[in-house]
Amino acid sequence: MNWEQLDQQLTEIVKKRNQLSKMDYSDASYDDLEEELHDLEDDFNDEYEEILEPQLDKIYAKLKSDTDVLLPSAYLANAYKEMLPDATGVVTYEVAGNVGVPIESDQFDKMDVRIVLIPNPARFVLLVNGRQMKDLWKSR
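Predicted model, so just to flag it, every value in this text is computed and none were measured.

Undergrad: Break down the overall build of the protein chain for me, with residues and values.
TA: When helices and strands are tallied, the protein chain shows two helices and six strands. In sequence order, the secondary structure elements of the protein chain are arranged as α-α-β-β-β-β-β-β. Taken against the 2.2 N^0.38 rule, which gives 14 Å for 140 residues, the C-alpha radius of gyration of the protein chain at 15 Å falls within 12% of a compact globule. In terms of overall dimensions, the protein chain has C-alpha extents of about 45 × 35 × 30 Å along its principal axes. Sequence-distant contacts, at least 24 apart, represent 53% of the contacts inside the protein chain between residues at least 6 apart. By element, 45% of the accessible surface of the protein chain is carried by carbon and sulfur atoms, the whole surface being about 8300 Å². Charge separation in the protein chain, taken as the distance between the mean sites of 15 positive and 30 negative side-chain charges, equals 12 Å.

Undergrad: So what's going on with helix H2 (residues 30-62)? Which residues, and what values?
TA: With 33 residues, H2 ought to run about 48 Å at 1.5 Å a step, yet its terminal C-alpha atoms sit only 39 Å apart, falling short of that. Helix geometry: H2 is bent most strongly at tyrosine 48, by close to 70°. Following H2 by one or two positions, lysine 64 has its phi on the positive side, about 55°.

Undergrad: I'd like a rundown of unusual backbone geometry, residues and numbers included.
TA: Along the chain, asparagine 120 connects to proline 121 via a cis peptide bond; the corresponding omega equals -5°. As for its position among the elements, proline 121 is in the loop between strand E4 (113-118) and strand E5 (123-128). Unlike most non-glycine residues, asparagine 129 shows phi in positive territory, near 50°. The topology assignment puts asparagine 129 in the loop between E5 and strand E6 (131-138).

Undergrad: Tell me about the pattern of salt bridges, and please be specific about residues and values.
TA: Taken as a whole, this structure holds six salt bridges when the rule is applied. Ionic pairing is found between arginine 140 and aspartate 7, a salt bridge with its closest N-O pair at 2.3 Å. One end of the pair, arginine 140, is in the segment after E6; the other, aspartate 7, is in helix H1 (residues 3-21), and 133 residues separate them in sequence. The class of aspartate 7 is buried, set by a relative accessible area of 2%. A single salt-bridge network, built from bridges that share partners, covers Arg123, Asp135 and Lys138.

What counts and how
Residues numbered from 1 in each chain as written. Predicted model: local features only at pLDDT ≥ 70, side-chain atom pairs only at ≥ 80, totals over all residues. Heavy atoms only, no water. Helix = DSSP H or I, 4+ residues; strand = E, 2+ residues; numbered from the N terminus. Rg over C-alpha atoms; globule rule 2.2 N^0.38 Å. Contact = heavy atoms within 4.5 Å. Areas by Shrake-Rupley, 256 points an atom, 1.4 Å probe, with all protein chains shown as cover. Lys, Arg positive; Asp, Glu negative; His and termini not counted. Charge placed at Lys NZ, Arg CZ, Asp CG, Glu CD. Expected span 1.5 Å × (residues − 1). Bend = angle between axes of the 7 residues up to and from the residue. Salt bridge = Lys/Arg side-chain N within 4 Å of Asp/Glu carboxyl O. Buried < 20%, exposed > 50% of the residue type's maximum accessible area, 1.4 Å probe, protein only.

Encoded structure:
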């Protein structure tokens, strides 16, 4: 598995989502950017669903959730906070708030629990009440 390629594609999607989140619907290029983003997400799902879905199945089993597993792109946030690049120039991201896919689990009674997909390295992160708690799976 080429994890660098996965991160590159995921980062491209995240950058476009960030760009789109800063635009107004009335912006002339909004529809074109949104269409481009949907194409990237479709390609991402086609390419990585077989790799990421089994990881999500394991995550859901570990969290004792009977919520349905969705396509990988469903776990993306609408916007990401860009962090400073590391020594090699790779930028990582953080998320906060009500982003990602909500799940139900008796382990987290009456809490807002969500899973979100973040690049560099690609990882599924557990958010509880809008705060990043822990990585549930990492690509490397």
